[in-house]
Amino acid sequence: MRIFRLFYIIFIALRFGLDEFILSHTKLKPLQCVINTLLFWRNKQIPRGERLRLALESLGPIFVKFGQMLSTRRDLIPADIADELTKLQDRVPPFPFADVEKIITTAFDKPLTELFSHFDEVPVASASVAQVHFAHLPHGEPVAVKVLRPNIENTIAHDLLLMDTMAWLLQSISSEVKRLKPREVVAEFARHTESELDLTLEAANCSLLGRNFSDKSMLIVPEVHWDWCRKEVMVMQRMHGTPISQRDVLTAKGIDIPKLAVEGVEIFFTQVFRDGFFHADMHPGNIQVADDGKYIALDFGIMGTLNDTDKYYLARNFLAFFNRDYRDVAQAHIDSGWVPADTKREELETAVRAICEPIFDKPLKDISFARTLLSLFQMSRRFGVIIQPQLIMLQKTLLNIEGLGRELDPNLDLWKSAQPFLTSWMSEQIGWRAIVKTIKKEIPHIAKALPEMPRLAHQFLTQTNQAEMDLPLRASIDKLIEAQQQQAQWQKRLVIAIIALAAIEIAIITSTFVMH
């Protein structure tokens, strides 16, 4: 079965002239001439990016999904191909209701009628990995039920294996293709796809994002019904909203569109810099707007995470861009380890200036922050910048956010909207508030270790004294006296430190009560 699938993939590749991606090397030109002669009927006047897109659509939903992911890797692929791949739409025919019922009843070992008082047989959405139906729980609450496609794991596993095999062949044939790291790209795609095959993971993502925005002041996240969740099935609160792409409908409902666009930017930066956990698949199909103007998030299969170091260097880079401090941009890249340690800062600074400086002659509303970031990623090839996977997801999401924001409000100024937020966040990370926050966070660990400190100090001094026994007597006595003096001084400092920490904790607790 797998061999037939491989032959079909090769047939599609030849049909759409994708051999030119492989055989463009000088040594392989004669072979390409032979193939072009044998397959003279092919229409190769169509641009290569369009032919690649059509081929992926012909190969099915998994390859379409791969193309969508590949469109975000502008640090690896040419711009014309990336632009064409962004047009890929995941329009997948739904699978039969009989399969839906079988999957659910098998997962819960109960008939559908016991699990739901009503279940719509026609899905409201259908994608490559799963589809969604509306239903009602036994007590009547309306819910949305997400169900994995039947045998989807086997299908994905086979196609991923074939993708990896083809990637290995391609990089073995062409040094140019090898530079694009095709096997690493396939591995990255595999990680994202496999995480979508367990709906309990998606439910956990949904639950965490919901807790992060529990006040629901700007973003509404559906609640998860955990008793109705399994690996193949996820049940969540049904949302009622207008797709964000329907701008005319939103305007008719009296939604403040410019305000909506600005709040979208704020939600994004809040997820990234406050929480380090962000929705990484924010295309129009996954975002709705409630009648009161609040955002509704849907589909939590792909989420991005950032650690404190990533957040710090990202904020530092963004603020340096705002301030036109290209030296600090270059230094931040070196400090973060995103470029090799032997990179010459002056050369990197000059390259960054060449990309960023021209945009400052334009009106702010005409500047694309995301496109500037893409240019920097493309520049990174020259300096061997190691683009981390989490930053690729961030770049993809930032493109989505800016695109959505400008569809809502063409005058949206992402820079102006983001700068106050980033400035405030950086002040919290490096100002006195950051010190208080760190101390408050570490106090439980310090308090736990304090009772052990006298014993550890005694052990240290005992070991030191024992080591000195082999020295001449006078030297040993001098060392012992010095050690005792150091011990007394250390104990004095320890008492002072304990008092200071206690005072800080009291101050924090007091300020907390005052604020409340």
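What comes next concerns the included structure.

Rules and cut-offs
- Residues numbered from 1 in each chain as written.
- Predicted model: local features only at pLDDT ≥ 70, side-chain atom pairs only at ≥ 80, totals over all residues.
- Heavy atoms only, no water.
- Helix = DSSP H or I, 4+ residues; strand = E, 2+ residues; numbered from the N terminus.
- Buried < 20%, exposed > 50% of the residue type's maximum accessible area, 1.4 Å probe, protein only.
- Contact = heavy atoms within 4.5 Å.
- Areas by Shrake-Rupley, 256 points an atom, 1.4 Å probe, with all protein chains shown as cover.
- Pairing = 2+ DSSP bridges.
- Axes fitted to C-alpha atoms, helices over the stretch in contact; angles between N-to-C directions.
- Phe/Tyr/Trp six-rings, centres within 6.5 Å; stacked < 30°, edge-to-face > 60°.
- Expected span 1.5 Å × (residues − 1).
- Polar contact = N/O pair within 3.5 Å; in protein donor to acceptor, adjacent residues only side chain to side chain.
- Core = buried A, V, L, I, M, F, W, Y, C linked by side-chain atoms within 4.5 Å.
- Salt bridge = Lys/Arg side-chain N within 4 Å of Asp/Glu carboxyl O.
- Patch = residues over 30% accessible without salt bridge, like charges linked within 9 Å, V, L, I, M, F, W, Y side chains within 5 Å.
- 1 Å grid on protein atoms, 1.4 Å probe; cavity = no way out; pocket = protein on both sides within 12 Å on 5 of 7 lines; lining within 4 Å.
- Points joined across faces, edges and corners; volume = space filled by probe spheres on them.
- Nonpolar A, V, L, I, M, F, W, Y, C, P; charged D, E, K, R; others polar.
- Parallel < 35°, antiparallel > 145°, perpendicular 65-115°, else oblique.
- Left-handed = near helix turned anticlockwise from the far one by under 90°.

Looking now at the overall build of the protein. Scanning the protein from terminus to terminus reveals 23 helices and eleven strands. Here the protein, with 516 residues, has 43% of them falling under the buried criterion. In the protein, 67% of the contacts between residues at least 6 apart in sequence involve partners at least 24 apart. Summed over all atoms, the accessible surface of the protein reaches about 27600 Å², with 59% contributed by carbon and sulfur.

This part is about the environment of Glu223. Relative to the assigned elements, Glu223 resides in the loop between β5 (219-220) and β6 (233-237). Expressed as a C-alpha distance, the spacing of Glu223 and Arg211, which sit twelve residues apart in the sequence, is 9.7 Å.

This part is about the sheet that holds strand β10 (residues 295-297). Spatial ordering of the open sheet is given by β5-β10-β9-β7, a layout of four strands whose pairing is mixed. Only two strands of the sheet have a single neighbouring strand rather than two, namely β5 and β7 (242-243). Sheet topology places strand β9 (residues 287-289) next to β10; three bridges connect them, and they run antiparallel. What sits directly across from Val289, in β10, is Tyr295. Here helix α14 (residues 257-275) sits on the sheet and contacts β5, β9 and β10; the angle it forms with β10, its principal contact strand, is near 45 degrees.

Attention shifts here to the packing of aromatic side chains. One pass over the full model with this rule turns up four aromatic pairs. On the numbers, 5.9 Å between centres and 5 degrees between planes, the contact of Phe269 with Phe273 is stacked. On the criterion of helical spacing, the pair formed by Phe269 and Phe273 is a turn pair, its members being four residues apart in helix α14. The buried category is assigned to Phe269, whose relative accessible area is 1%. Judged by relative accessible area, which is 1%, Phe273 ranks as buried. Of the aromatic side chains, those joined through ring pairs into one cluster are Phe97, Phe116 and Phe119.

Turning our attention to the environment of Leu52. Within the secondary structure layout, Leu52 lies in helix α4 (residues 48-59). Once you skip the residues sitting within four places of it in the chain, Leu52 turns out to touch Leu18, Ile81 and Leu85.

This part covers helix α7 (residues 97-108). Helix length check: α7 (twelve residues) gives 17 Å between terminal C-alpha atoms against 16 Å at 1.5 Å per residue, within 8%. Looking at the buried residues of α7, the elements they touch are α8 (112-115), β1 (118-119), β3 (130-136), β4 (142-148) and β6. Just downstream of α7, Asp109 is the residue with a positive phi angle, here 55 degrees.

The first and last C-alpha atoms of α14 sit 26 Å apart over 19 residues, in line with the 27 Å expected at 1.5 Å per residue. One side-chain oxygen at the N-terminal end of α14 lies 3.3 Å from the backbone nitrogen of Lys259; it belongs to Asp256.

Looking now at the nonpolar core. Counting residues in each nonpolar core, the largest one holds 97 residues, and the members touching the most others are Phe273 and Leu422. At nine residues, the largest contribution of residues to this core is made by α14. Counting residues in each nonpolar core, the second largest holds 18 residues, with Val143, Val145, Trp228 and Val235 among its members.

It is worth spelling out the pattern of salt bridges at this point. Within this structure, the stated rule accounts for 13 salt bridges. Asp164 is the partner of Arg183 in a salt bridge, and the nearest nitrogen-oxygen pair spans 2.8 Å. Of this pair, Arg183 sits in helix α11 (residues 182-195) while Asp164 sits in helix α9 (residues 152-173), and the two are 19 residues apart along the sequence. Glu263 is the partner of Lys259 in a salt bridge, and the nearest nitrogen-oxygen pair spans 2.6 Å. One end of the pair is Lys259 and the other is Glu263, both in helix α14 and four residues apart, which spans about a single turn.

A few words now on a nonpolar patch on the surface. A surface patch of nonpolar side chains, amounting to about 430 Å² of accessible area, comprises Ile3, Phe4, Phe7 and Ile10. Relative to the assigned elements, Ile3 resides in helix α1 (residues 2-15). According to the relative accessible area criterion, Ile3 is partly exposed, its value standing at 43%.

It is worth spelling out unusual backbone geometry at this point. One non-glycine residue, Asn151, lies in the positive phi region at around 60 degrees. Mapped onto the secondary structure, Asn151 falls in the loop between β4 and α9. The phi torsion at Lys216 lies on the positive side, around 55 degrees, for a residue other than glycine. Within the secondary structure, Lys216 is located in the loop between α12 (199-212) and β5.

A word on empty space enclosed by the protein. In total, this model carries two cavities of 30 Å³ or more according to the counting rule given. By volume, the second largest cavity amounts to about 110 Å³. At the level of elements, α14, β10 and α19 (389-408) are the ones that each hand at least two residues to the lining of the second largest cavity. By residue number, the principal contributor to the lining of the second largest cavity is α14, which donates five residues. Its residues assigned to classes, the lining of the second largest cavity comprises 13 nonpolar, three polar and no charged.

Burial runs high along β6: four of the five residues are buried. Here five bridges tie β4 to β6, and the two strands are oriented antiparallel to one another. Within β6, the residue paired with Val147 across the bridge is Val233.

Turning our eyes to something else, we now look at the packing of helix α16 (residues 326-336) against helix α17 (residues 345-356). The interhelical angle for the contact between α16 and α17, taken along N-to-C directions, is 125 degrees, at an axis separation of 8 Å. Taken together, the axis directions place α16 and α17 in an arrangement best described as oblique. As α16 packs across α17, the resulting crossing turns out to be right-handed. Of α17, the residues touching α16 (which contributes Tyr326, Arg327, Val329, Ala330, Gln331, His333 and Ile334) are Arg345, Leu348, Glu349, Val352, Arg353 and Cys356. Taken together, the residues that form the contact of α16 with α17 break down as seven nonpolar, two polar and four charged.

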